[in-house]
Amino acid sequence: MILEEGEGSKRYCIKRKHVAIICAVVVGVGLIVGLSVGLTRSCDSTDGGQGTTQAPSHRPPTLSPPQDQGVCPASEDESGGWKNFRLPDFINPVHYDLEVKPLLEEDTYTGSVNISINVSSPTRNLWLHLRETRITQLPVLRKPSGEQVKVRRCFEYKKQEYVVVETEEELAPNDGKGLYHLTMEFAGQLNGSLVGFYRTTYVEKGQIK
């Protein structure tokens, strides 16, 4: 009986030794791994940033070029009579010479217009309706004598759909003795908005025209 108990206790002691050995091995492996990771991070931080990890580069944002406003840019100027809905009664168009060149393949058009105008009151500004069309060159204005009047600027007043032409000098009333002549060149898009000069189609005998 004593021998059996001794052998049992011996076997029990052997099992406890095994557990102690296993625990020691696990702790040792953990220490080795921890030291290895710590040394690796230390080397990466002291190598002057020459490791594989690099800080992300920040590129400056790309700025889009400013939009071209053309020769008659939009303006909120309300210092003149163009802020009113109706055209002035002292500026009377008498005759229009209009030329329009549609480019159907590109859905665009270009053209020019020469307007004969009777001015009955002194003014530095002429304005007329314009919508979904842009002026491509500075307007040219001539007196009844044919002398050219210097144009200071032109702009669009979109609230009332006007293009306004401002001159350097005051335009004197012509009192029916000859007319002022305003020439403008323009361009636009042939779209489906049904406004101004536009493109449309119809069906005839099953064919789209």
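Residues numbered from 1 in each chain as written. Predicted model: local features only at pLDDT ≥ 70, side-chain atom pairs only at ≥ 80, totals over all residues. Heavy atoms only, no water.

- As named in an unreviewed UniProt entry, the protein chain is Aminopeptidase N-like N-terminal domain-containing protein, taken from Eschrichtius robustus.

1. Things to note about the overall build of the protein chain
- Helix and strand counts for the protein chain stand at one helix and 11 strands.
- Going from the N terminus to the C terminus, the protein chain shows its helices and strands as α-β-β-β-β-β-β-β-β-β-β-β.
- Across the 209 residues of the protein chain, 24% fall into the buried class.
- For the protein chain, contacts bridging at least 24 residues in sequence account for 72% of all contacts bridging at least 6.
- Working note: accessible area of the protein chain is about 15700 Å², and carbon and sulfur atoms make up 55% of it. (Helix = DSSP H or I, 4+ residues; strand = E, 2+ residues; numbered from the N terminus. Buried < 20%, exposed > 50% of the residue type's maximum accessible area, 1.4 Å probe, protein only. Contact = heavy atoms within 4.5 Å. Areas by Shrake-Rupley, 256 points an atom, 1.4 Å probe, with all protein chains shown as cover.)

2. Let's talk about the sheet that holds strand β3 (residues 123-129)
- What the three strands build is an open sheet, ordered β3-β8-β7; its pairing is antiparallel. For this open sheet the edge positions go to β3 and β7 (151-157), each flanked by a neighbour on one side alone. Each strand axis lies, on average, 20° off the axis of its neighbour in the sheet, ignoring direction.
- Looking at chain direction, β3 and strand β8 (residues 162-171) are connected through six bridges and run antiparallel. Its bridge partner lying in β8, asparagine 125 is registered against glutamate 166. (Pairing = 2+ DSSP bridges. Axes fitted to C-alpha atoms, helices over the stretch in contact; angles between N-to-C directions.)

3. Side note on the packing of aromatic side chains
- Counted according to the given criterion, the structure contains four aromatic pairs.
- Aromatic ring contacts, followed pair by pair, group Trp82, Phe90, Trp127 and Phe155 into a single cluster. (Phe/Tyr/Trp six-rings, centres within 6.5 Å; stacked < 30°, edge-to-face > 60°.)

4. Focus: the pattern of salt bridges
- Within the structure shown, the criterion is met by 10 salt bridges.
- One salt bridge connects glutamate 161 with arginine 131, and the closest N-O pair in it is separated by 3.6 Å. Of this pair, glutamate 161 sits in the loop between β7 and β8 while arginine 131 sits in the loop between β3 and β4 (133-135), and the two are 30 residues apart along the sequence.
- Residue class for glutamate 161 comes out partly exposed when judged on its relative accessible area of 33%.
- For arginine 131, a relative accessible area of 43% puts it in the partly exposed group.
- Ionic pairing is found between glutamate 147 and lysine 143, a salt bridge with its closest N-O pair at 3.7 Å.
- Because the salt bridges share partners, they merge into one network encompassing Asp77, Arg152, Arg153 and Glu166. (Salt bridge = Lys/Arg side-chain N within 4 Å of Asp/Glu carboxyl O.)

5. A word on the state of the cysteines
- All told, the structure shown has one disulfide when counted by the stated rule.
- Note that cysteine 72 is cross-linked by a disulfide to cysteine 154, the S-S spacing being 1.9 Å. Around the S-S axis, the bridge from cysteine 72 to cysteine 154 shows a dihedral of about -85° and counts as left-handed. Remark: cysteine 154 occurs in strand β7 and cysteine 72 occurs in the loop between α1 (2-46) and β1 (91-103); sequence separation between them is 82 residues. Each member of the pair, cysteine 72 as well as cysteine 154, carries the same accessibility label: buried. (Disulfide = S-S within 2.5 Å.)

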